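This is what each chain is made of:
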Amino acid sequence: MKTLAKRVLMRTLVSSPVAARVFPFKQPPVLLLSYPRSGSSWVGSILGRSPDLAYLREPINQPFIGRTNHRTVWDPNADPQARALYKDLAARAFAGMPDTEDPNVVRNLRDFLFLHQRRHRRLLVKEVNPLAIELFLRDRDLQVIPLLRHPGAVAESYVRMGWHSGGLSEFGRLYGARMARVLDAVGSAATPPILYEDLAAEPHDRFLALFERMGVRPPEDYTPLIRRLCQAEEDPNSPYDIRRTSALEIDKWRDRLSAEAIQELRAGYFDSPLQHYRAPEDWP
């Protein structure tokens, strides 16, 4: 009983407006933004271990889908009432006082409970709704890290999860258009995206470069951490498992989608404005 009461008290402090105002986090927050099923949980779990960051895993999306009937990828301009809730959750997240009903949102309570250390840490917010990029950026200074993954891998994961049953041509077009919207909003020249395939192929060096780009230190146990999360057996029964032999994840979709499905997806994707993944070798 004491343990439960203590945990409730701790989570109340994490979401406290007073604590956020008196002990603010270092500016600016970092936003890791991707499409769902693009590997952002894996990427965020590694970046979030920096001693200079306090990690929030979908502090906007998770409570929002728990309270509404909207899907993860939705346009905040389409529903004014839902937009108000979404905007409030975003304000709370980027201020460092997230909703704590979902225990998976705040992975390390210590990052938030040691109030005197907040001024030395920046928030890392991982989200998966590219259509909300303008809402995230409005009246807010953020360091945005866009994460892209091959549309074939994203589509295959959607199909396997039972999230998509329609034509893959439309899926490819929407994926490309929505991620291009993110790059346009942040200015891709100033904020180039990171590619999942680069991180997966060379995790040790690529993640180090990403920590440097963010201006934060890697965790002290960096090398064993990379070995544990990038060179480990993935649990086939857990679609959200962040352990993986990362290099083997890059091309799995090529064997799981039929040749006809791949060509249909490619045709739709090539009809979008996103300019990545267009080389002949990117498509079997």
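Use the structure listed above.
> In this structure, what is going on with the overall build of the chain? I would like to understand it.
The secondary structure content of the chain amounts to 15 helices and 5 strands. Here the chain has a C-alpha radius of gyration of 19 Å; the compact-globule value for 284 residues is 19 Å, and the two agree. Overall size of the chain, expressed as C-alpha extent along the three principal axes, is 55 × 45 × 40 Å. For the chain, with 284 residues in total, the buried portion stands at 50%.

> What should I look at first to understand helix 11 (residues 203-214) in this one?
Because an α-helix completes one turn every 3.6 residues, residues spaced three or four positions apart along the sequence face the same direction. The end-to-end C-alpha separation of helix 11 is 16 Å, in line with the 16 Å expected for 12 residues at 1.5 Å each. Along helix 11, the positions that sit buried rather than exposed are Pro203, Phe207, Leu210, Phe211 and Met214. For helix 11, the buried positions fall inside an angular range of 100 degrees around the axis, keeping them on one side. Turned more than 90 degrees off the buried face of helix 11, the exposed positions are Asp205 and Glu212.

> I'm lost on the side chain of Arg83 in this one. Help?
With respect to the element layout, Arg83 can be found in helix 5 (residues 80-95). There is no salt bridge for the buried Arg83, and the closest opposite charge comes from Asp75, which lies 6.2 Å off by N-O distance. Setting aside residues up to four positions removed in sequence, Arg83 forms contacts with Trp74, Pro76, Asn77, Leu135 and Arg138.

> Is there a simple way to think about the nonpolar core in this case?
If you look at the biggest cluster of nonpolar residues, it comprises 53 residues, and the most contacted ones within it are Leu31, Phe136, Phe171 and Tyr175. Sorting elements by how many residues they give to this core places helix 9 (residues 168-186) first, with 8 residues. Counting 26 residues, the second largest nonpolar core, distinct from the first, contains Val30, Ile46, Met214 and Leu229.

> What should I look at first to understand the environment of Leu195 in this one?
Along the chain, Leu195 turns up in strand 5 (residues 194-195). Distance from Leu195 to Pro98, taken between C-alpha atoms, is 28 Å for residues 97 residues apart in sequence.

> Explain the sheet that holds strand 1 (residues 26-33) to me, please; I cannot follow it from the model alone.
Picture the strands of a sheet paired through backbone hydrogen bonds; they go either parallel or antiparallel. Taken together, 5 strands build an open sheet; the order of strands is 2-3-1-4-5 and the sheet is parallel. For this open sheet the edge positions go to strand 2 (53-57) and strand 5, each flanked by a neighbour on one side alone. In the packing of helix 3 (residues 40-47) onto the sheet, the strands contacted are strand 1, strand 2, strand 3 (122-127) and strand 4 (143-148), and the crossing angle to strand 2 comes to about 155 degrees. Strands strand 1, strand 2 and strand 3 of the sheet are contacted by helix 5, whose axis makes an angle of about 145 degrees with strand 3.

Basis of the calculations
Residues numbered from 1 in each chain as written. Predicted model: local features only at pLDDT ≥ 70, side-chain atom pairs only at ≥ 80, totals over all residues. Heavy atoms only, no water. Helix = DSSP H or I, 4+ residues; strand = E, 2+ residues; numbered from the N terminus. Rg over C-alpha atoms; globule rule 2.2 N^0.38 Å. Buried < 20%, exposed > 50% of the residue type's maximum accessible area, 1.4 Å probe, protein only. Expected span 1.5 Å × (residues − 1). Arc of directions from axis to C-beta. Lys, Arg positive; Asp, Glu negative; His and termini not counted. Salt bridge = Lys/Arg side-chain N within 4 Å of Asp/Glu carboxyl O. Contact = heavy atoms within 4.5 Å. Core = buried A, V, L, I, M, F, W, Y, C linked by side-chain atoms within 4.5 Å. Pairing = 2+ DSSP bridges. Axes fitted to C-alpha atoms, helices over the stretch in contact; angles between N-to-C directions.

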